[in-house]
Amino acid sequence: MSEKHIDEISGVSTTGHEWDGIKELDNPMPRWWVWTFYGTIVWALAYTIAYPAWPMISSATKGVLGYSSRQELSTTLEAVSAEQASLRTAIAEKPLEEILGDETLRRFATSAGSAAFKVNCSQCHGSGAQGAAGYPNLNDDDWLWGGDIESIHQTIAHGIRAEGDDDTRISDMPAFGDILSPEEIKQVAAHVVSFTGTPSDAALAEAGAQVYADNCAACHGEQGKGDISVGAPNLADAIWLYGSSEADIAAQVRLPKQGVMPAWQARLGDPAVKQLSVYIYSLGGGQ
Amino acid sequence: MTLATDTVASPDVERIDAEAVNSAKTRQPLYAARKKIFPKRASGQFRRFKWIIMAITLGIYYLTPWLRWDRGPYAPDQAVLIDLANRRFYFFFIEIWPQEFFYVAGLLVMAGIGLFLITSTVGRAWCGYTCPQTVWVDLFLVVERAIEGDRNARIKLDSASWSGGKLAKRFSKHVIWLLIAVATGGAWVFYFADAPTLLVNLVTGSAAPVAYMTIAILTATTYVFGGLMREQVCTYMCPWPRIQAAMLDENSLTVTYNDWRGEPRSRHAKKAIAAGESVGDCVDCNACVAVCPMGIDIRDGQQLECITCALCIDACDGVMDKLGRERGLISYATLSDYNNNMALATAGGSTSIDPKLVHGTDGKLTDNVVHFHWQKIFRPRTFVYFGAWSLIGVAMLYALLTRDRLEVNVLHDRNPQYVLLSDGAVRNGYTVKLLNMIPEPRVIFVSLEGLPGGTMQAVGIDQPEGRSLAVPVEPDKLREIRIFVRQPAEYTKDGNERFNFVVEDKASFERDVYHAKFNTPENAR
């Protein structure tokens, strides 16, 4: 480096580096560039004073402007909830039918209900409300307790066989294992299958007709159409909560499984239950 | 023991050839101050041309936001409007939605290739004539000359000690510069909102803070770049001077000092001729240097700093006219023409430049001298650039003229994939997005094509279940609806799972199709 390399044409010294005959001129930088560089350093220092920056032992410097990203988040959230306040009030105050009729309210309630559903309901009913064995699918048009918006609201608010809620829905199918003989149970199961399909043994199904009329028709109806006022399932449709085979039906006659749904009114408050109702209603099965 | 002085004197000690790395001999400054440039006013054909370009470009910039364009009651009537809040871009009869931003990308690609094309033919014409930096510096220089006078007056004023007069001149110059800068930043924001409304809001102080911020930033950059930094921006900040090297070839026009006819330059031509010396056309008057806004000497050859504004051509032509010599000592010339002429003037490189070889006895240039011919613009390279440029242009124009103003996007429910209904029918849910991309309200018909027995119903649209729905969509809006499609049990087992959502505007016959799938318990995964 002691030698001074001078480019012949420009008379400017070069860095001494050469690539394929091309040399790099060592022109001095413009002075404003250097000042800009100093300016950025000053800016950086000022920035670290104004904003949280320097790490200390247990925390970091707070910055004289008092900015924090957490504060910014809560400000933003407050602004959003202030924006939504009128919607929330409207949902709390208006009847469900009116919420369904108002496109803005319906959309807002559906989104809010969807979020609440994911947190509170999806554990049993599935994230798409598609249900599972023993847990009803909420998308379909088969409702044990009614699929209009008020019935859905009632079911969510007070639950089914929920302890501690006086308004809860209760349907109590007796355990027919104590009442009917195993043969009668087989017969009635075959008869129930015959509502929608072909029983394994026609004679068995025929025999079951009388057993059915004597024991089941009071709640499930003569044609097996069920009765939503007592929560008796429709036995003449394609949807089966506990399975559709004769064996499944027989098992349910013998010792019925009785699902329990908690009452949500007390836990979530009425606006949230309303939102959930609108969401469930909008899934496609609402009547 | 001997003293140190004895050691130095000792002839046995060898002197080592070493030098301090920071010795004064090799030291050089790490940074250099800007040398002030006082461009003299030029006049001539290129200067005139530049005035016209300046008027056009500034006119376009300042006036465009004020042009009106009637789009009916549902869309803004500003001809050019970038509506960021509603994510729409209006350009006269064209309206662009965000998903159509590729048109803008295409325009930028065209601008890039167009720049290649222009540069490979006429050199850095963009830099010299139309670059905003050049135009605004020109504008700022007009102000400077009007207040402080031309070159000599300005140099004198600059070196004069501070007085009331100097203070007044400097103050008024900077105030006017700042006003221009404010107007520049001010014009920019009008592209993003309704200009007349925004102007009132700006004046009354009720415009959005971002508008004032934008104006403040652009005022600062305009004032600093146009008034204070000028040529520094081109030389040190802009990447284009570096890129241009790859764009130029031996047939590109550049501003050239024709030393094959100018050298040897002489300030005292008559004396020199009397003394029998050979003398070129250049009288070394430095007029070309004085007018240069970059402060360079074009006679040093083509250089990075030269923006090819051609003002030196005007200056030199004026001098040549005065001397009664042919114009074009400095001219737009290609390297190949220059080399030809240089070969003439040096007899094929065997001698130093001899003006007699290119000048006749009457002092005019001989006929052997090559001048630029317009046909040289047409060469493979420019054809490729032009081809690529026009191909993209035609493709974009075609896409623009045939683009859909009615679109449908469909999202098939995945959770659950299907719903079994009590009568054994199967239902699928779809989120259907209808895009009405014209500023008119429309009723869009959504219907099913295929899917035997299938019917549908939309949430929130009170219409009987059927194979077709009439959906009103607001002007220039997207409407999202939930559609439930239902297929009775007797059809679901056919495995006929493909069908189409067809959307139509029955008034304009516009139509779009979405190929959808219907999930049944048999084919669901």
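Residues numbered from 1 in each chain as written. Chains lettered and ligands numbered in written order. Predicted model: local features only at pLDDT ≥ 70, side-chain atom pairs only at ≥ 80, totals over all residues.

Draft legend 1. Seen up close, the nonpolar core. Cys288, Val291, Leu311, Cys312, Ala315, Cys316 and Ile330 of chain B are the most contacted members of the largest nonpolar core, which totals 35 residues. For this core, the elements supplying multiple residues, two or more each, are helix H5 (132-148), helix H7 (164-189), strand E5 (254-257), helix H14 (287-291) and helix H15 (311-323) of chain B. Sorting elements by how many residues they give to this core places H15 of chain B first, with five residues. Mapped onto the domain boundaries, this core takes at least three residues apiece from domain 1 (45-241) and domain 2 (253-372) of chain B. The contacts of Cys312 of chain B, once residues within four sequence positions are left out, are Val255, Cys288, Val291, Cys292, Ile298 and Ile330 of chain B. One finds Ala112, Ala129, Ala157 and Ile280 of chain A within the second-largest nonpolar core, a separate group that totals 26 residues. (Core = buried A, V, L, I, M, F, W, Y, C linked by C-beta atoms within 7 Å. Buried ≥ 20, exposed ≤ 12 C-beta atoms within 10 Å, placed from the backbone. Helix = DSSP H or I, 4+ residues; strand = E, 2+ residues; numbered from the N terminus. Domains from an automatic or database assignment. Contact = placed C-beta atoms within 7 Å.)

Draft legend 2. Here's a closer look at the interface of chain A and chain B. Between chain A and chain B, the contact holds 27 residues from the first and 25 residues from the second. With four residues, the single largest contributor to the side of chain A that touches chain B is helix H1 (residues 31-50) of chain A. Looking at side-chain class alone, the side of chain A that touches chain B contains nine nonpolar, 10 polar and eight charged residues. As paired strands, strand E3 (residues 29-30) of chain A and strand E1 (residues 31-32) of chain B are joined by two bridges and run parallel to one another. (Nonpolar A, V, L, I, M, F, W, Y, C, P; charged D, E, K, R; others polar. Pairing = 2+ DSSP bridges.)

Draft legend 3. Examining the pairing of strand E15 (residues 510-517) of chain B more closely. Residues and elements named next belong to chain B. In the sheet, strand E14 (residues 498-505) pairs with E15 via eight bridges, with the strands oriented antiparallel. The partner of Val503 across the bridge, within E15, is Asp512. Connecting E14 to the next strand, E15, in antiparallel fashion are four residues, including Phe509 with a positive phi near 65 degrees.

Draft legend 4. Summary view of the confidence of the model for chain B. Chain-level statistics for chain B give a pLDDT mean of 90 and a share of 96% at 70 or above. The complex prediction reports pTM at 0.81, with the ipTM value standing at 0.82. (pLDDT = per-residue confidence, 0-100.)

Draft legend 5. Quick peek at the environment of Pro233 of chain A. Residue and element names in this part refer to chain A. With respect to the helices and strands, the residue Pro233 is situated in the loop between helix H9 (217-220) and helix H10 (246-254). Pro233 sits in the buried class, given 24 other C-beta atoms within 10 Å. Each C-alpha atom, one on Pro233 and one on Val192, is 12 Å from the other, the two residues being 41 residues apart in sequence. Leave out the neighbours within four places in its chain, and Pro233 touches Leu144, Gly226 and Leu241.

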